[in-house]
Amino acid sequence: MTTPLQVTMMAALVRSIVENKDGTFWLSNCISRYAEVPPGAAEPDAPRYRKEPSIANEADDFSTFMSAVRDKSGDLWLATLHAGVWRYDGARMTHFRVAHEGAPIRVYAIYKGHDDTLWLGTQEHGVYKFNGTAFEEFTP
């Protein structure tokens with residue numbers, strides 16, 4: 001039997017799953033956010049996850065992300081394909097533009113290093129690194 005969560009995940013073409021600091025799961029987009037129903041609180045054979053209100057609508061730049069991580073403070077960092085990176089602190093979104101020679105570029109992956117440094121993988125312009133205020137092209 002396919003659960004409602006599985007159907008939603010298949011329909012959304014999930015590219016990334018990340019758990020927020022409050023225990024909710026984000027599934028590749030900010031439109032789908034789910035919380036696990038505590039064991040024993042749901043009826044037998046009922047879905048173990050409930051959909052919750054999220055932060056976006058279909059028109060938002062951050063509504064579809066390719067990859068996501070949490071930093072040491074618990075903030076979510078969402079790497080979008082066409083709209084740079086967004087940080088969600090549980091209350092508001094902050095945008096970080098990612099560009100090459102002034103033009104926005106495609107971001108495919110975000111990774112948090114062991115020292116909490118944020119790294120980006122791009123389609124055509126290599127690796128970018130967060131310097132504390134912006135993402136800049138990484139030069140070894």
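Only a predicted model underlies this, so the values are computations on that prediction, with no experimental measurement involved. (Residues numbered from 1 in each chain as written. Predicted model: local features only at pLDDT ≥ 70, side-chain atom pairs only at ≥ 80, totals over all residues. Heavy atoms only, no water.)

Asker: Where do I start with the overall build of the protein chain in this structure?
Answerer: The number of helices and strands found in the protein chain is one helix and 14 strands. Looking at the protein chain as a whole, 37% of its 140 residues qualify as buried. Pairs at least 24 residues apart make up 37% of the contacts formed inside the protein chain by residues separated by at least 6 positions. Split by element, the accessible area of the protein chain, about 8,200 Å² in all, is 52% carbon and sulfur. (Helix = DSSP H or I, 4+ residues; strand = E, 2+ residues; numbered from the N terminus. Buried < 20%, exposed > 50% of the residue type's maximum accessible area, 1.4 Å probe, protein only. Contact = heavy atoms within 4.5 Å. Areas by Shrake-Rupley, 256 points an atom, 1.4 Å probe, with all protein chains shown as cover.)

Asker: Looking at this model, I keep getting lost on the nonpolar core. Mind explaining?
Answerer: Judged by nonpolar contacts, the single largest core of 14 residues is most densely connected at Trp 77, Val 85, Val 98, Ile 110, Leu 118, Leu 120 and Phe 135. Breaking this core down by element, the ones donating at least two residues are β6 (76–80), β11 (107–112), β12 (118–122) and β13 (127–130). Core analysis: the second largest hydrophobic core is formed by six residues, Val 18, Ala 68, Leu 76 and Leu 78 among them. (Core = buried A, V, L, I, M, F, W, Y, C linked by side-chain atoms within 4.5 Å.)

Asker: Explain the pattern of salt bridges here, please?
Answerer: Oppositely charged side chains can pair when the atoms bearing their charge come close. For the structure shown, the criterion picks out three salt bridges. In this structure, Asp 89 and Arg 92 form a salt bridge, with 3.7 Å as the shortest nitrogen-oxygen distance. Residue classification places Asp 89 among the partly exposed positions, given a relative accessible area of 25%. A salt bridge links Lys 112 to Asp 116; the nearest nitrogen and oxygen atoms lie 3.7 Å apart. A relative accessible area of 18% means that Asp 116 is categorised as buried. (Salt bridge = Lys/Arg side-chain N within 4 Å of Asp/Glu carboxyl O.)

Asker: Just checking my understanding: could you explain the pairing of β12 for this structure?
Answerer: Within a regular strand, the side chains alternate between the two sheet faces. Of the two faces of β12, the one lined by Leu 118, Leu 120 and Thr 122 is fully buried and the one lined by Trp 119 and Gly 121 carries no buried residue. Of the strand pairs in this sheet, β11 and β12 are connected by five bridges, and their pairing is antiparallel. Bridge assignment links Ala 109 to a residue of β12, and that residue is Gly 121. Sheet topology places β12 next to β13; three bridges connect them, and they run antiparallel. Bridge assignment links Trp 119 to a residue of β13, and that residue is Lys 129. (Pairing = 2+ DSSP bridges.)

Asker: Explain the packing of aromatic side chains to me, please; I cannot follow it from the model alone.
Answerer: Aromatic ring pairs are described here by two measures, namely the spacing of the ring centres and the angle between the planes. What the rule picks out here adds up to seven aromatic pairs. Here Phe 96 and Phe 130 contribute two aromatic rings whose centre-to-centre distance is 5.3 Å and whose plane-to-plane angle is 90°, an arrangement assigned as edge-to-face. Of this pair, Phe 96 sits in strand β8 (residues 93–96) while Phe 130 sits in strand β13, placing them 34 residues apart in sequence. Per residue, the accessibility class of Phe 96 equals that of Phe 130, and both read buried. An aromatic cluster of at least three residues, connected via ring pairs, comprises Trp 77, Phe 96, Phe 130 and Phe 135. (Phe/Tyr/Trp six-rings, centres within 6.5 Å; stacked < 30°, edge-to-face > 60°.)

Asker: Explain the confidence of the model for the protein chain to me, please; I cannot follow it from the model alone.
Answerer: Should the pLDDT be low somewhere, the predicted coordinates at that spot are not to be read in detail. Scored by pLDDT, the protein chain comes out at a mean of 76, with 61% of its residues at no less than 70. The least confident element of the protein chain is helix α1 (residues 4–11), whose mean pLDDT is 46; the most confident is β13, at 96. (pLDDT = per-residue confidence, 0-100.)

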